[in-house]
Structures are given as C-alpha cells and as structure tokens.
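Structural overview for review
This is what each chain is made of:
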Amino acid sequence: MRKNAYIGLGLLVVLLAIIPSIVPNSYYLDIVIRMCINAVIVLSLNLLVGYAGQISLGHAGFVGMGAYASAVLPTHLGWHPLSAMVAGAACTGLLALIVARPILKLKGHYLAMATLGLGIIINIVIRNEAAWTGGPDGMPVPSMELFGFELMRDIQWYWVVAAVLVASVLGAINLIDSPFGRALRGLHGSEVASQVVGVDVPRYKAAVFVLSAVMASIMGSIMAHYIGFVSPDVANFFHSIELITMVVVGGMASVFGSVVGAVLLTALPQMLATFEGWETVVFGAILMLCMIFLPKGLVPTLAARFTRGS
Amino acid sequence: MALLEVSDLSIHFGNVRAVQNVSFSVDQGIVYSVIGPNGAGKTTLFNLITGIYRPTSGTIRLDGKDIQGRSPDELARRGVARTFQNLQVWMNMSAIENVMVGAHLRLDRSIFKAMLRLPALRRRDCALRAEAAELMAFVGLGDYVGARADSMPYGALKRLEIARALAMQPRMIFLDEPAAGLNPKETQDVDELVRKIAASGITVVLVEHDMKMVMNLSDRILVLDYGKRLAEGTGPEVRQNPEVIAAYLGGHA
C-alpha cells in the first residue's frame, strides 16, 4: 500500500516540476497555486474526516484564523510575517485543543452541528472586530518575507506551495501507515475496539483535530500572503462546505483523493465560467452525478476498478 | 491470591437489574467459564469487568487492586484483553493491520516520528508485521494474512479478534461467545485454540453457549440467571446442581 503511495508521490513531484514550463500564462499558474494550497487544506481535513471518521463542517474557520493572523499581526503590531504565521497556527491549535474534548464526544450529525457552530463563531468574530480585521470589507495582507527576500512573483510562490504540498503528502502517507495512524483509522472503524486494545480515544481524537486545524491555519496564512488580501468569506460556512466536498469527491481516507478533489473543484468553477450565471447549477449537477456513480470518491473507486482489472 | 476478584457486583439500567450482587474469583492460569440462558447478564458482566460499563455497586480487583470504573484503555494497560460477541473488527483496515493495532501499547506512538518515518520506527513496523502474521497463523488465519478485513467470512473474523487480543500480550483474555454462529468443525478449532491460549499461560474467561465446549475446557464455571449467581464450581458440580438444571429446562425445581 505504501509502495503504491510512494510511486504516486514520485509522479506528483515530476508533475509539479514540469508544470511551470508548460503553463501558458500567469492566469493558469495562479490556478495551479490555488490548487496546491487547497490540496493541503483538503488533506488536513481528510485526516480528520476520512481517516479518523470525525466530521467537521467548520474547517474554513481554522483557515480563516491563520489568514487573519497573517493579516492582523504584521499590519497592526508590526510582527514579522513568519512569526505571525507561527502565532496563528499556535492559537488555532490551542483553540482546537480546548474545544476538542467536549465536541469530539459527539458523533455523526451532532458533531457536524457542533463544528458548524465553531466555524460560524470564528467567522462572526472576524466580521465584528472591524477595528482589527476591517470587518466585512476585509483587509490587505503585507507580503511575505523569507530569509531576507520578499516573496513577490507567482513563480516563487509556486515553488513554496509545491514544496509544502509534497511535504504534506509524504507526511500523510507515512502517518497513516504508522502506529499512530492505524490507531486513528481504528477510531473510524470501531471506537470500542480501539478502547479495549488500549487506545486513549479522546486523546487521539484531540490530536488529529489539532493537527488538522494547525495545517489549515498555516495554509490560511500562506493563502493570505499569496493573494495579498483577506475577507471574512475565507472563514465562512460555504468555504467549509466546499472543502468537505473536495474531500468527498476526491475520496474519503485517500491521500491522493484529497489532491485530486482539490484540483478538480478548484478548476471546475473556472472552466464553467462560460455558463454565465448558471455555473453553480452545473457545478451542483456534477457533484450529484459524482455521488451517484462514484460514492466512494474518484480515487478509491478508480483504484478499486484498476486493481480488480489487473 | 486470585488474579481477578469480583465481589457484590451490581449494575442497574433504570429498573432493570442486569447484574445483581455477583461474586466470584478467577485464579491465575485457569479457564473460567460464565454460562446462563440468554439475557442472564453474561455480556453485561464482561462489559463491567472490562470497563465498558461502570458498576452501580460492588468491587472488581485485579491483582488485589481496585479496577471498577476504570476505562477500557487503562485496563488494557493492566493486561486485560477481550473479544466481542457482536464483532468489533476494523472493517476499514486490512486483516493484518487489525492485529497490528492490538500491539498499540507496546509501540512508539509519536506523531512526529511517524510523519518522518524514522528508521527505528520503520524497523519496528516491519518486525510488528511479521509478529502479526505469526499470530494470525497461530489462530488459524494463515491464509488471510494479505486479506482485507471486510472480505473475510464470519468465522475468520471471530478468530481475527482473538489474534488482535493476543497481540496485546495480555495476562487475561475475555472471550465473549467465540464459537457463536460457527459450524461444528469451526467450533472444534476454537476449542483447540482456547486450549492453546490457556497453555501459553494466559488466564481465559469464557462466555459460551456450546455446553460440550464449556464442559471440556473449563476449570471452573459460573452460572448466571436473571443477573444473579445461580451456582459456581467445577463442571461436574455445576452439572448436577438442581437449580442449574431447572434454569436450563425452564422448570421450577
């Protein structure tokens, strides 16, 4: 299983290496960068939802916390962007840790509601603290500095996010096939079985929730610096739904499913722009067809078909 | 001193007294069976001892230390393993991974070492996989080492749970109806497996309906009826007890 995953990772590396020389213009490079950022966020969510079986409808809240940490701390307090990113990730992780025990006791729809509420609260705080965040209008984000030089050009950003994506995919592949990762997947299969073999269930749920939140926060920071502007929409409910849709379409409990889901659903709205106002309808129809014909998600369904054929 | 001492154990669910003032003790290294008609409270008793339920009153001692109300994962740390009557197999994993998670407490569970897949962790994982394959062969699942859990038949899954429990290297194992739903040949195999487990020095506590198996295997037997202790003793003692006969034949002797 891990061998196939490493082959997949090799292909991903090759693909990422040649993309800059084949994209026709900066518009496409911009889309690829957004795809990479989304892929890591979706991967973080898939660890929580697909592998550990804990639904979250508030993940965009964590992305928003990272994004606003990177906007607010350098702008108002003059922090270095890198320290702001780390502080944002730490705060997000702390919040996740505090809420993890009470809300991850819940299951199924109840957990979905609780995480939905958490996301909404974060979004409202961002909207209301207008003196700091610019309120509903959003605010500009200072540019990122790495080791003394400013990240300005798209191609520089591209290499940064590509490296982060590769590192995240490698980390995730290793994690799920480790004692920690197997215990995590056990939570999805049967919690009581996990308990009786000695897994401290609340602790593992909290660990994956924090990991997932911290990854989302860091990617929120990166996204904010790359775009140069944040608005509260980054943390809203629709963004959370978009992320969970990417997980489901790509494939639950599939590392490469996360990447494929993020790539497709980032590209789709751009490709559907020709439908002029009806693109959301077409988008919805494609999702429904996906769920009917590929209920396990694209990558697991195709992988099963492929292995059965050989 | 007995390995497990249960005294005056009770649990009430509303007005239902599922287990009432049950006392018994299990010595190290024996096979101890709990029998009784359906609904007698056998599985509830297992759930109490293994920490799934918290008793309303009474004490449970393991090695002389109170363990009532402790969580299942704490009990696992003290060497208590169990299987389930209604299977609790991780269907989202392969068969061998199910057994590997059984060794959870003996492994390095660091999240960062896992992400980096450091050489020590990699070596330990390889050794663990080999160990799990051996355990699968021990319980008679040698043919399923490469299988997915959700593709295995019922009888094999029952044994997979036993292999997972053994991977914990427990001192004590609770088997909840390991032969339920199995054909006579498979039942015979489970009978032999339980003997092998007991011979390896693990104390076995068994809930089982197959009387032939219970009488063959058990050093001592506890009979429950309506949550109460009806009788306790060796096989022949229990078999001749008039109250036990009445409970099983449904009469009022």
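Residues numbered from 1 in each chain as written. Chains lettered and ligands numbered in written order. Predicted model: local features only at pLDDT ≥ 70, side-chain atom pairs only at ≥ 80, totals over all residues.

1. Topic: the overall build of chain B
Rule in force here: A run of H or I in DSSP becomes a helix once it reaches four residues, and a run of E becomes a strand once it reaches two; helices and strands are each numbered from the N terminus. Restricting the calculation to C-alpha atoms gives the radius of gyration, and the globule rule supplies 2.2 Å times the number of residues raised to the power 0.38. Any residue with 12 or fewer other C-beta atoms within 10 Å of its own C-beta is exposed, any with 20 or more is buried, and the rest are partly exposed; the C-beta atoms used are placed from the backbone.
From N to C terminus, chain B includes 10 helices and 10 strands. What you see for chain B is a C-alpha radius of gyration of 19 Å, in line with the 18 Å of a compact globule of 253 residues. Its C-alpha atoms give chain B principal-axis dimensions of roughly 65 × 40 × 35 Å. A total of 253 residues make up chain B; the buried ones form 45% of that total.

2. Quick word on the nonpolar core
How we decide: Put simply, a nonpolar core is a cluster of buried Ala, Val, Leu, Ile, Met, Phe, Trp, Tyr and Cys residues tied together by C-beta atoms within 7 Å. These domain limits were set by an automatic method or by a database of domain assignments.
With 172 residues, the main nonpolar core has Met219 of chain A together with Met136, Ala163 and Val204 of chain B as its most contacted residues. Counting residues per element, this core draws most heavily on helix α10 (residues 201-227) of chain A, which supplies 16 residues. Domain assignment of the residues forming this core places at least three in each of domain 1 (1-79 + 172-253) and domain 2 (91-169) of chain B.

3. Some details on the environment of asparagine 236 of chain A
Residues and elements named next belong to chain A. Going by this rule: Contact between two residues is assigned when their C-beta atoms, built from the backbone, lie within 7 Å.
Tracing the chain through its elements places asparagine 236 in the loop between β4 (229-230) and α11 (237-250). With 21 C-beta atoms packed within 10 Å, asparagine 236 lands in the buried category. Contact partners of asparagine 236, with chain neighbours within four places excluded, come to Ala60 and Asn123.

4. A short note on the sheet that holds strand β1 (residues 4-13) of chain B
Note on sheets: strands pair through backbone hydrogen bonds, and any given pair is parallel or antiparallel. Residue and element names in this part refer to chain B. Definition in use: Strands are labelled as partners when DSSP assigns at least two bridges between them. Interaxial angles span 0 to 180 degrees and are taken between N-to-C directions of axes, which are lines fitted to C-alpha atoms, for helices over the stretch in contact.
Across the sheet, which stays open at both edges, the four strands sit in the order β2-β1-β4-β5 with antiparallel pairing between neighbours. Each edge of the open sheet carries a strand with a single partner, namely β2 (16-26) and β5 (65-66). Of the strand pairs in this sheet, β1 and β2 are connected by seven bridges, and their pairing is antiparallel. For phenylalanine 13, the partnering residue across the bridge sits in β2 and is valine 16. Docked against the sheet, helix α1 (residues 42-49) engages β1, β2 and β4 (57-62), running at close to 65 degrees with respect to β2.

5. A short note on the pairing of β1 of chain B
Residues and elements named next belong to chain B. Between β1 and β2, which follow one another and run antiparallel, lie two residues, and glycine 14 among them has a positive phi close to 60 degrees. Sheet topology places β1 next to β4; five bridges connect them, and they run antiparallel. Across the sheet, the residue bridging to valine 6 is isoleucine 60, located in β4.

6. As for the domain arrangement of chain B
Interfaces are often sized by the accessible area lost when the parts come together. Residues and elements named next belong to chain B. Operational definition: Gly is put with the polar residues, along with every residue not named as nonpolar or charged; the nonpolar set is Ala, Val, Leu, Ile, Met, Phe, Trp, Tyr, Cys and Pro, and the charged set is Asp, Glu, Lys and Arg.
Domains assigned within chain B are domain 1 (1-79 + 172-253) and domain 2 (91-169). One C-alpha centre belongs to domain 1, the other to domain 2; they are set 27 Å apart. Every element with two or more residues in the side of domain 1 that touches domain 2 is listed here: α2 (72-77), β7 (172-176) and α7 (184-199). Per element, the largest residue contribution to the side of domain 1 that touches domain 2 is three residues, and it comes from α7. In terms of residue class, the side of domain 1 that touches domain 2 is made up of six nonpolar, one polar and three charged.

7. Side note on the packing of helix α1 (residues 2-22) of chain A against helix α7 (residues 154-176) of chain A
Residues and elements named next belong to chain A. Operational definition: For classification purposes, angles smaller than 35 degrees are called roughly parallel, those larger than 145 roughly antiparallel, those between 65 and 115 roughly perpendicular, and all remaining angles oblique.
Taken N-terminus to C-terminus, the directions of α1 and α7 make an angle of 180 degrees; their axes are 10 Å apart at the nearest point. What the angle tells us is that α1 and α7 run roughly antiparallel. Packed against α1, whose contacting residues are Arg2, Ala5, Leu9, Leu12, Val13, Leu16 and Pro20, the element α7 presents Ile155, Tyr158, Ala162, Val166, Val169, Leu170 and Ile173 at the interface. Considering only residue class, the contact of α1 with α7 consists of 13 nonpolar, no polar and one charged.

8. As for helix α5 (residues 119-138) of chain B
Residue and element names in this part refer to chain B. Rules: Expected span of a helix, by definition, is 1.5 Å for each gap between consecutive residues, and there is one gap fewer than residues. An arc is given here, and it is the one of the directions from the helix axis to the C-beta atoms.
In this model, α5 (20 residues) spans 29 Å end to end at C-alpha, consistent with the 28 Å of a helix rising 1.5 Å per residue. For α5, every residue scored as buried is listed here: Leu121, Asp125, Leu128, Ala132, Leu135 and Met136. For α5, the angular spread of the buried residues around the axis is 95 degrees, confining them to a single face. Facing away from the buried surface of α5 by more than 90 degrees, the exposed residues are Pro119, Arg123, Cys126, Ala127 and Ala130. The secondary structure elements touched by the buried residues of α5 are α3 (95-102), α4 (111-116) and α6 (154-167). Glycine 140 sits one or two residues past α5 and shows a positive phi near 90 degrees.

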